[in-house]
Amino acid sequence: AAPSPIGIDPLQSVAKELKFLTGNIQQLLGSGHPMLDTVAKYYTQSEGKYVRPMLVLLMSQATALTVKQDRSTPRALDVDSPISPSAVLSDANHSSPLTSPPTVDDTSDTTVLPSQRRLAEITELIHTASLLHDDVIDNSISRRSAPSANIQFGNKMAVLAGDFMLGRASVALARLRDPEVTELLATVIANLIEGEFMQLRNTASDEKYPAYSQETMEYYLQKTYLKSASLISKSTRAAAILGNCSPDVVDAAYSYGKNLGLAFQLVDDMLDYTVSGAELGKPAGADLELGLATAPLLFAWKDNKELGTLVGRRFAEQGDVKRAHDLVIQSNGIEQTRAMAEDYINKAREAIAFFPESQAKAGLLDMCTKVLQRRK
Ligand code: FPP
Ligand code: MG
Ligand code: MG
């Protein structure tokens, strides 16, 4: 990461934490079935960007400073105690996913609680499960610069591994013994599916020649919240709840996550038009191929009615994808998408402006900049 102007990398405060993340996640995913074990751990081998865990860890640290009570001896949590294996294959070499506590560097004077660290891992599990399913739905061929799991192992195993991952995430979540946090993250899972269902249609109605209206963008933004911002916002909120923060801090953590999450997906939808597949590590230009009208196209459609016909038939006829792509590139849809993402990023920054100054807060602000600058 690029150093900040004052010479300190603001993300440094979570670097130590992230070092153990992959190992802890792999522990949570262990299965006595060797093939399931392999498929479930597949996406954890090529380390992702870890955006969600990073945000949870930074939020945990930044909000700890708003809490007065002494957190040096956190309450004993079930995350740290062993449970008996519940797998079908109960033999000696089967290891329970939750027998050992999350690994940490004991010498670090971290302000992250074990429950918050576990939450960071849970967010990555839910995200990765959704990617396993997403690559099946999108018929994708690559992810994180390697063949996607559906290509490597087939659709059936990819779907089942995703379900397994959700199961393990649910166990880890239950063991946080916090009903509010459990409810938040369970809602996230439901929201992901609701968002994906909304995406099966480009607009609320199913007309052949839809007209652009205010509802078109509202529908897209609602879908974007459900498929992307829900996970980010509800997990930054959950981090603050686990840290015993006051309601205004919990709300600020949520608002930061919601606005950053919306910006994140807007940028994602923009990069699908502007960056090559080689750079993205996954297919570029995929959205039009999948029949999806995202922000750049919706902005272009606002000024050009011709796009309505193409949206109505989901770019399915010969030449539709190219025509739509050309019209988007000729329009100011890309610029407007970026401007909208910037607006949300400014709201995310404002939400946490009242947090006490810290390296973690600088990290959260740095994440805002990175979301806008990213190219993959
Ligand atoms: C990536 O979007 C996918 C998502 C953000 C969520 C997908 C959700 C599901 C498939 C519902 C099932 C959920 C669970 C928890 C099992 P994208 O396809 O726009 O991005 P991509 O270019 O990275 O593929
Ligand atoms: Mg996809
Ligand atoms: Mg998708």
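Everything below is about the structure shown above.
Everything quoted here is computed from the prediction, not taken from an experiment.

Quick notes on the site of ligand 1
Next up, step 1: Taken together, 18 residues lie near ligand 1, and Ser 130, His 133, Asp 134, Leu 192 and Glu 196 sit nearest.
Next up, step 2: Mapped by element, the contributors of at least two residues to the shell around ligand 1 are α5 (114–137), α7 (155–174), α8 (179–199) and α9 (214–242).
Next up, step 3: In terms of residue count, the dominant contributor to the shell around ligand 1 is α5 (six residues).
Next up, step 4: Each residue belonging to the shell around ligand 1 can be placed in one class, and the counts come to eight nonpolar, five polar and five charged.

Brief notes about the environment of Leu 307
Next up, step 1: You can see Leu 307 is positioned in helix α14 (residues 306–312).
Next up, step 2: The exposure class of Leu 307 is buried, given the 24 C-beta atoms found within 10 Å.
Next up, step 3: When neighbours within four sequence positions are excluded, Leu 307 is seen to be in contact with Leu 297, Ala 300, Trp 301, Ala 324 and Leu 327.

Describing the nonpolar core
Next up, step 1: Ranked by internal contacts, the top residues of the largest apolar core, which has 100 residues, are Leu 58, Leu 260 and Ala 263.
Next up, step 2: Of the residues forming this core, the biggest block, 14 residues, is contributed by helix α10 (residues 247–274).
Next up, step 3: Setting aside chain neighbours within four positions, we find Leu 58 in contact with Val 14, Ala 360, Gly 363, Leu 364 and Met 367.

A word on α9
Next up, step 1: Of all the bends in α9, the largest measures some 60° and sits at Ala 229.
Next up, step 2: Counting buried residues along α9, 22 of its 29 residues qualify, which places the element largely inside the surrounding structure.
Next up, step 3: With its phi angle positive at about 60°, Asn 244 sits one or two positions after the end of α9.

Regarding the packing of helix α13 (residues 295–303) against helix α15 (residues 320–330)
Next up, step 1: Put simply, α13 and α15 touch, their axes get as near as 9 Å, and they point 75° apart. With respect to α15, the axis of α13 lies roughly perpendicular. Here Pro 296, Leu 297 and Ala 300 of α13 come into contact with α15, specifically with Ala 324, Leu 327 and Val 328.
Next up, step 2: The residue makeup of the contact of α13 with α15, split by class, is six nonpolar, no polar and no charged.

A word on helix α16 (residues 333–351)
Next up, step 1: With 19 residues, α16 ought to run about 27 Å at 1.5 Å a step, and its terminal C-alpha atoms sit 27 Å apart, in line with that.
Next up, step 2: Three or more residues of α16 are buried, namely Gly 333, Thr 337, Ala 341, Tyr 344, Ile 345, Ala 348 and Ala 351. In an axial view of α16, the angular spread of the buried residues amounts to 115°, which keeps them on one side of the axis. In this structure, α16 carries Glu 335 and Ala 339 as exposed residues pointing more than 90 degrees from its buried face.

What counts and what doesn't
Residues numbered from 1 in each chain as written. Chains lettered and ligands numbered in written order. Predicted model: local features only at pLDDT ≥ 70, side-chain atom pairs only at ≥ 80, totals over all residues. Near = placed C-beta within 6 Å. Helix = DSSP H or I, 4+ residues; strand = E, 2+ residues; numbered from the N terminus. Nonpolar A, V, L, I, M, F, W, Y, C, P; charged D, E, K, R; others polar. Buried ≥ 20, exposed ≤ 12 C-beta atoms within 10 Å, placed from the backbone. Contact = placed C-beta atoms within 7 Å. Core = buried A, V, L, I, M, F, W, Y, C linked by C-beta atoms within 7 Å. Bend = angle between axes of the 7 residues up to and from the residue. Axes fitted to C-alpha atoms, helices over the stretch in contact; angles between N-to-C directions. Parallel < 35°, antiparallel > 145°, perpendicular 65-115°, else oblique. Expected span 1.5 Å × (residues − 1). Arc of directions from axis to C-beta.

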